[in-house]
Every structure is written in structure tokens, then in C-alpha cells.
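# Working through the structure, step by step
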Amino acid sequence: MKKILLLGDIHANYPALKAIENYIKPDRFDHVINTGDFTVYSTFPNETIQWFRERKKTICIFGNTDRRVLRILSGKKLKKPKKKEKRVMYFWTTENLLPGNIKYLMSLPEKTGFTLGSFRIGVFHGTCDDPDEELFPDAPEARFHKLAKNSACQIHIMGHSHVPYYKVVDGVHFINPGSAGRMFDGDPRASFAILKMSSGKISVEHFRIPYPVKKVVKSLKKNRLPDIYTKMFQIGKKLN
Ligand SMILES: [Fe+2]
């Protein structure tokens, strides 16, 4: 049997990542997948990136927040987001990221894929068509049919919507582990999933576990970052 830990949308929330590590012991897995958005909205981008750099068997891609961080670092103007409080978080991240971690982010692909047994597994931030597409579980069935048709992968691991779900459409498995560091559904606990594959059979289990939100809040306050984010992490809702 193969076991894969599915993570995504950590958003620099290292206390949440650490809580998942303590709960699940990632070294027992054949692979650890991260669907991107390592950075922005919490204050631990370096610790988060280093956690992946120090591990073997990780399969990672960058997300839209990481892409914007890299754009700023390359000297380009930040057109989006327009909201001041969001921009503050991007610039704080670019000012605090360490060179080795920037290099690591730059080395990551926008999407990737690998074969395990008889399955082709695709890793996408949004979807196989568009890294910025937010594919919610209640999206029209026709969209899932199209994505199933457009890709050679039988398993799609996706992030970006921050909504945990598992759907099978036309024999294609669509899995979103939810956001490890920034959930939007009013439950601030960290979200992740485990994918198990055995003799051509697939099972997916989602988890929600508590983490010390206080650590994130304390650090945001210490760095004088917008109050809206302390509240966001405390209540687990998108406020910006
Ligand atoms: Fe995200």
C-alpha cells in the first residue's frame, strides 16, 4: 500500500504545519504533496519552506501567492491585490524571506505529475487547465467532466479554493485537502488529507486538527501587521 500526505495552502502558518507533523508523522508516508501557497498571510514563510526543503519525498508546486511574492522580488510592480492590508502582507513576506528559501520557491513548477502503480497523479494549484481557477465541490458537473477529459491524470490533487473535498467524476478522482493554514469555513483548525492506494483501489480521508492559533496571533501583533489577519486566523474566515 502507498500512503500520500496531501497538504496545501499553508500560507506561512508554520504552527499549523507543525501540529499536522506532530499528529501524523509525515516520515511514515511514501510522499508528501504540497499544492502551493507556502507564503503570505502569516509570519512564518521561512519555517514553512524550510520544512519542505529538509524533507525527502516531497512533491511541491508554487501557488498564486508564491508567484506574486516572486514577482515582487524580481522587481515587478504588484498590480493585484489592490487592498492595502493584503499588499502589506505581501511586502512583509518579500522583506523577510531568506535567500535560500526564495531560490527554492523559484525552483518549483506551476504544476507537476507522477505515476504511482497504475495511476497518473497530477498536482495543481487551481486545476489542470488554470492555476488560478477556484474549483469548488459544487461547481457545475460539466466543469468536472471537462477537466476529466482534458487531462491524462486519473487523480487530480488540487488547492486554491481552500475547501476540502473528494469527488469522482468519469473515473477521475478530484481531491482537495483544504487549507492547512487558512481555512475559510468558520472552523480555524488545520485541514489536510491522506490518500491511500492499494491494488488499484483508492481511499481518501480528510482531517481537521487544532493548532496553537495564539502563536500566529502573537507573531502578527509583534510584527504590527493588520488586525484583520489576527481575527481571520482566530475565527477561520476570509475577511479581506
Ligand atoms: Fe491559498
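Preceding this paragraph is the structure being described.
Description of the structure in this document.

In this section: the environment of Pro26. Mapped onto the elements, Pro26 comes out in the loop between α1 (14-24) and β2 (31-34). Pro26 sits in the buried class, given a relative accessible area of 4%. Taking the C-alpha atoms as reference points, Pro26 and Asp132, 106 residues apart in sequence, are found 28 Å from one another. Aside from chain neighbours lying at most four places away, what touches Pro26 is Leu5, Glu21, Val32, Trp51 and Arg55.

Moving on: the packing of helix α3 (residues 64-73) against helix α4 (residues 84-96). Contact geometry of α3 with α4 gives a least axis separation of 10 Å together with a crossing angle of 65°. In the crossing of α3 with α4, the sense of the turn from one axis to the other is right-handed. Taking contact as the criterion, the partners of Thr65, Arg68, Val69, Ile72 and Leu73 in α3 are, on α4, Tyr90, Phe91, Thr93 and Thr94. For the contact of α3 with α4, the residue count by class is five nonpolar, three polar and one charged.

In this model, the largest pocket occupies a volume close to 450 Å³. Around the largest pocket sit 22 residues that line it, and Asn64, Arg68, Lys86, Tyr90 and His160 are the ones nearest its centre. Ranked by the residues each element gives to the lining of the largest pocket, the list is headed by α3, at five residues. Volume-wise, the second largest pocket comes out at about 150 Å³.

Applying the stated criterion to the full structure yields ten salt bridges. Close ionic contact of Glu21 with Lys18 constitutes a salt bridge, the shortest N to O distance being 3.1 Å. One end of the pair, Glu21, and the other, Lys18, are both in helix α1, three residues apart, so they sit about a helical turn from each other. Judged by its relative accessible area of 16%, Glu21 falls in the buried class. The exposure class of Lys18 is partly exposed, given its relative accessible area of 30%. For the salt bridge of Glu21 with Arg55, the shortest nitrogen-to-oxygen distance reads 3.8 Å. You can see Glu21 sitting in helix α1 and its partner Arg55 sitting in the loop between α2 (45-53) and β3 (58-60), a full 34 residues away along the chain.

Ideal geometry at a metal centre: 109.5 degrees between donors when four sit tetrahedrally, and 90 or 180 degrees when six sit octahedrally. Within the protein, Asp9 (OD), His11 (NE2), Asp37 (OD) and His162 (NE2) serve as the donor atoms for the iron ion, at 2.1 to 2.3 Å. All donor residues of the iron ion come from one chain, and their arrangement in sequence is D-x1-H-x25-D-x124-H. Of this pair, Asp9 sits in the loop between β1 (2-7) and α1 while His162 sits in the loop between β6 (155-158) and β7 (165-169); the two residues are 153 residues apart in sequence, bridging distant segments of the chain. In this structure His162 comes out as buried when scored by relative accessible area, which is 4%.

For the pair helix α7 (residues 213-222) and helix α8 (residues 227-235), interaxial distance at closest approach is 9 Å and the crossing angle is 180°. It follows that α7 is roughly antiparallel to α8 by the angle criterion. Between α7 and α8, the contacting residues are Val213, Val216, Val217, Leu220 and Lys221 on the first element and Tyr229, Thr230, Phe233 and Gln234 on the second. Partitioned by chemical class, the residues of the contact of α7 with α8 number six nonpolar, two polar and one charged.

Listing the buried residues of α1 in full gives Pro15, Ala16, Leu17, Ala19, Ile20, Glu21 and Ile24. Regarding α1, its N-cap is Asn13, as a side-chain oxygen of that residue lies 3.1 Å from the backbone nitrogen of Ala16 further along. Where α1 terminates, the next one or two residues include Lys25, which has phi positive at roughly 55°.

It is generally the case that most residues other than glycine have a negative phi and that most peptide bonds are trans. Looking along the chain, the bond that leaves Lys80 and enters Pro81 is cis, with omega of -5°. By the element assignment, Pro81 lies in the loop between α3 and α4. Even without being a glycine, Lys25 presents a positive backbone phi close to 55°. Here Lys25 lies in the loop between α1 and β2.

So, how was this worked out
Residues numbered from 1 in each chain as written. Predicted model: local features only at pLDDT ≥ 70, side-chain atom pairs only at ≥ 80, totals over all residues. Heavy atoms only, no water. Helix = DSSP H or I, 4+ residues; strand = E, 2+ residues; numbered from the N terminus. Buried < 20%, exposed > 50% of the residue type's maximum accessible area, 1.4 Å probe, protein only. Contact = heavy atoms within 4.5 Å. Axes fitted to C-alpha atoms, helices over the stretch in contact; angles between N-to-C directions. Left-handed = near helix turned anticlockwise from the far one by under 90°. Nonpolar A, V, L, I, M, F, W, Y, C, P; charged D, E, K, R; others polar. 1 Å grid on protein atoms, 1.4 Å probe; cavity = no way out; pocket = protein on both sides within 12 Å on 5 of 7 lines; lining within 4 Å. Points joined across faces, edges and corners; volume = space filled by probe spheres on them. Salt bridge = Lys/Arg side-chain N within 4 Å of Asp/Glu carboxyl O. Donors = N, O, S within 2.8 Å, 3.2 Å for Na, K, Ca; no water. Parallel < 35°, antiparallel > 145°, perpendicular 65-115°, else oblique. Polar contact = N/O pair within 3.5 Å; in protein donor to acceptor, adjacent residues only side chain to side chain.

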